[in-house]
Amino acid sequence: MADTMPLYEVFVRARRGLEHRHAGSLRAQDAEMALQYAREIYTRRREGVSLWVVRSGDIVASQEEDAPAFFDPADDKPYRQATWYKLPEGVKNL
Amino acid sequence: MAEAQDLEARFQARIDNEERIEPKDWMPDAYRKTLIRQISQHAHSEVIGMQPEGTWITRAPSLKRKTILLSKVQDEGGHGLYLYSAAETLGASREEMIAALHGERAKYSSIFNYPALTWADIGAIGWLVDSAAIINQIPLQRCSYGPYARAMVRICKEESFHQRQGYDIMVSLATGTPEQKAMAQDALNRWWWPSVQMFGPPDDASTHSARSMAWKIKRYSNDELRQKFIDQAVEQAKILGLEVPDPDLEWDEASGHYRTGAIDWDEFNRVVAGDGPCNRERLETHRRVHEDGAWVREAVAAYAEKQAARQAQQVAREANAGEAEQSRRVSRGREL
Ligand SMILES: [Fe+2]
Ligand SMILES: [Fe+2]
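Residues numbered from 1 in each chain as written. Chains lettered and ligands numbered in written order. Predicted model: local features only at pLDDT ≥ 70, side-chain atom pairs only at ≥ 80, totals over all residues. Heavy atoms only, no water.

### Focus: the interface of chain A and chain B
Then, number 1: Taken residue by residue, the interface counts 32 residues in chain A and 30 residues in chain B.
Then, number 2: The contact between chain A and chain B buries some 2,700 Å² in all, and 53% of this surface belongs to carbon and sulfur atoms.
Then, number 3: By the criterion of area lost to chain B, the three top residues of chain A are Arg16, Tyr85 and Leu94 of chain A, representing 28% of everything that side buries.
Then, number 4: Joining chain A to chain B, the criterion identifies three salt bridges.
Then, number 5: In this structure, the salt-bridge partner of Arg13 of chain A is Glu22 of chain B, at a minimum N-O distance of 3.2 Å. (Contact = heavy atoms within 4.5 Å. Buried area = accessible area lost by both parts, 1.4 Å probe. Salt bridge = Lys/Arg side-chain N within 4 Å of Asp/Glu carboxyl O.)

Structure (structure tokens):
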């Protein structure tokens, strides 16, 4: 029975105003139970004010072998950072 | 009735307590409507703002400037997307927001109704318009609505690159040949007042402000933000050796602020009402590009339909083969 329970990813919002962050995962028979388990497993010490659970299988993730094609194009574009530009002496609030 | 009052009181207490409102929280209808309006108009501004700068991508004076400008314009498109998505968390639909723009029921920042006539305008826009945007957007990082505030954190970080690249162009021109310096001065002359007007009408003429303040959607008045921009930009112009086109501009020792001459609010109102140099062109371009792109949206929908049908077929086949259990995990890209 246990190995037919799907995996869920758990996201916790630590404080109102912050984004939900990935905390870990767990197995549960349905979303309702996943939420209950998440409360027991991940927020026993007031770690959060809100929980999201998502079926792991529903997450579409980039693959390790795709990483160069996905992320390397940013490597040769340092001019996208504000700090790349030299400012004249004395200029403020830029 | 008592219950509605309770909800409203709790909502306001949260805001007074500097807590954020999140999409699933109860909120007054007017708060939701105000935010949808503001966030969608902010999104429209980012996207329409791509037009004046976009016209210079093919004409940038060097490969370096071209790649920088391309990145900047791409960022603005991204800002539009962050913001449309934030508005969607409030129940707004993308189609309705775009329809409101096309139907002229929603506005965008009036500054983008001015043309970018020379390369120096790209410098002036990055420096002045993005500076003004930053000054407007920094307090929005603490806006009471969580998704808007968080989108603004990303946006502000990227705007800082925009502002620097603009100032960098101005430095190059202002320290170049006399003709180049004249170009920089001409661009400053044309962009100065519209930039000052970006903060909206004076406080005593501005509607809705008080309520937005109470809801902490807005934290500083138009006058305060405008003053901040003027104080910073006047100093930055001095370092460029350029002159702000305002003969009445003076330093007020007592308050520690620059005082400008009269701001032409009639011109501002005229441009907002639709009679600026490029209003028609901006909207027409947006409508045309949106219509020209219809086939892409149709193709995307057709492809999704085909994929879904294929997947259903495959699932049926595998169920027959008694392999249903396996099938969930196999498709590449759906594994963690
Ligand atoms: Fe932007
Ligand atoms: Fe920008």
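There's plenty left to go through after this.
### A closer look at the coordination of the iron ion (ligand 1)
Residues and elements named next belong to chain B.
Then, number 1: For the iron ion (ligand 1), the full set of protein donor atoms is Glu46 (OE), Glu76 (OE), His79 (ND1) and Glu159 (OE), and the range of their distances to it is 2.1 to 2.2 Å.
Then, number 2: In this structure, the iron ion (ligand 1) is coordinated by four donor atoms arranged in irregular fashion, with angles at the metal of 82 to 142°.
Then, number 3: Going along the chain, you hit the donors of the iron ion (ligand 1) in the pattern E-x29-E-x2-H-x79-E.
Then, number 4: Here the iron ion (ligand 1) and the iron ion (ligand 2) are spaced 3.3 Å apart, and both take Glu76 as a donor. Here Glu76 and its partner His79 are both found in helix 4 (residues 63–88), three residues apart, which amounts to about one turn of the helix.
Then, number 5: The exposure class assigned to Glu76 is buried, which follows from its relative accessible area of 6%.
Then, number 6: Since its relative accessible area comes to 0%, His79 is described here as buried. (Donors = N, O, S within 2.8 Å, 3.2 Å for Na, K, Ca; no water. Tetrahedral: all angles 85-135°; square planar, octahedral: opposite > 155°, others 65-115°. Helix = DSSP H or I, 4+ residues; strand = E, 2+ residues; numbered from the N terminus. Buried < 20%, exposed > 50% of the residue type's maximum accessible area, 1.4 Å probe, protein only.)

### As for the coordination of the iron ion (ligand 2)
Octahedral six-donor coordination of a metal ideally yields angles of 90 or 180 degrees, compared with 109.5 degrees for tetrahedral four-donor coordination.
Residues and elements named next belong to chain B.
Then, number 1: Only Glu76 (OE), Asp130 (OD), Glu159 (OE) and His162 (ND1) from the protein coordinate the iron ion (ligand 2), and they sit 2.0 to 2.2 Å from it.
Then, number 2: Considering all four donor atoms around the iron ion (ligand 2), the spread of angles at the metal, 87 to 159°, places the coordination shape in the irregular class.
Then, number 3: Read in sequence order, the donor residues for the iron ion (ligand 2) give the motif E-x53-D-x28-E-x2-H.

### Re unusual backbone geometry
Then, number 1: In the Ramachandran plot, Arg46 of chain A falls in the positive-phi region, its phi being about 55° despite a non-glycine side chain.
Then, number 2: With respect to the secondary-structure elements, Arg46 of chain A resides in the loop between helix 1 (31–42) and strand 3 (50–55).
Then, number 3: The phi torsion at Glu104 of chain B lies on the positive side, around 60°, for a residue other than glycine.
Then, number 4: Position of Glu104 of chain B relative to the elements: it lies in the loop between helix 5 (94–102) and helix 6 (119–137).
Then, number 5: Judged by relative accessible area, which is 53%, Glu104 of chain B ranks as exposed.

### Points about the packing of helix 6 of chain B against helix 10 (residues 222–240) of chain B
Relative orientation and spacing of two packed helices are given, respectively, by the angle between their axes and the distance between those axes.
Residues and elements named next belong to chain B.
Then, number 1: Following both chains from N to C, one finds helix 6 and helix 10 inclined at 145°, their axes separated by 10 Å at the closest point. Relative to helix 10, the crossing made by helix 6 is right-handed. Across the interface between the two elements, Trp127, Leu128, Ser131, Ala132, Ile135 and Asn136 of helix 6 pack against Leu225, Lys228, Phe229, Gln232, Ala233, Gln236, Ala237 and Leu240 of helix 10. (Axes fitted to C-alpha atoms, helices over the stretch in contact; angles between N-to-C directions. Left-handed = near helix turned anticlockwise from the far one by under 90°.)

### Topic: the pairing of strand 1 (residues 7–13) of chain A
Residues and elements named next belong to chain A.
Then, number 1: Taking burial as the measure, the seven residues of strand 1 include six buried ones, the bulk of the element.
Then, number 2: Both strand 1 and strand 3 contribute to a ladder of six bridges, which runs antiparallel. Opposite Val10, over in strand 3, you have Val53 as the bridge partner. (Pairing = 2+ DSSP bridges.)

### Points about helix 1 (residues 2–16) of chain B
Then, number 1: Compared with the 21 Å implied by 1.5 Å per residue over 15 residues, the 21 Å span of helix 1 of chain B between its first and last C-alpha is a close match.
Then, number 2: Immediately beyond the C-terminal end of helix 1 of chain B, within one or two residues, lies Glu18 of chain B, with a positive phi of roughly 65°. (Expected span 1.5 Å × (residues − 1).)

### Comments concerning the environment of Ser212 of chain B
All names here are of chain B.
Then, number 1: Along the polypeptide, Ser212 turns up in helix 9 (residues 209–214).
Then, number 2: The exposure class assigned to Ser212 is buried, which follows from its relative accessible area of 9%.
Then, number 3: When sequence neighbours within four positions are dropped, the list of residues in contact with Ser212 reads Thr34, Ile217 and Lys218.

### Structural notes on the nonpolar core
All names here are of chain B.
Then, number 1: Within the largest apolar cluster, 52 residues are counted, with the highest numbers of intra-cluster contacts made by Trp119, Trp127, Leu128, Trp191, Trp192 and Phe229.
Then, number 2: Within the residue set of this core, elements represented by two or more residues are helix 4, helix 6, helix 7 (146–174), helix 8 (178–196), helix 10 and helix 11 (265–275).
Then, number 3: The dominant element in this core, judged by the number of residues it contributes, is helix 6, at ten residues.
Then, number 4: Once you skip the residues sitting within four places of it in the chain, Phe229 turns out to touch Leu128, Ser131, Ala132, Ile135, Trp192, Ser195, Val196 and Phe199. (Core = buried A, V, L, I, M, F, W, Y, C linked by side-chain atoms within 4.5 Å.)

### Let's talk about helix 7 of chain B
Helical geometry note: an α-helix holds 3.6 residues per turn, so side chains three or four residues apart project in the same direction.
Then, number 1: In this model helix 7 of chain B runs 42 Å from its N-terminal to its C-terminal C-alpha over 29 residues, within 8% of the 42 Å that 1.5 Å per residue would give.
Then, number 2: Within helix 7 of chain B, 21 of the 29 residues are buried, which leaves it mostly tucked inside the rest of the structure.

### Description of the pattern of salt bridges
Oppositely charged side chains are able to pair whenever their charged atoms sit close together.
Then, number 1: Inspection of the entire model under this criterion finds 25 salt bridges over all chains.
Then, number 2: The closest approach of N and O atoms between Glu40 of chain A and Arg39 of chain A, which form a salt bridge, is 2.7 Å.
Then, number 3: Glu40 of chain A gets classed as partly exposed once you look at its relative accessible area, which sits at 40%.
Then, number 4: The exposure class of Arg39 of chain A is partly exposed, given its relative accessible area of 46%.
Then, number 5: Each of Arg16 of chain A together with Arg14, Glu19 and Asp25 of chain B takes part in salt bridges that share partners, so that together they form one network.

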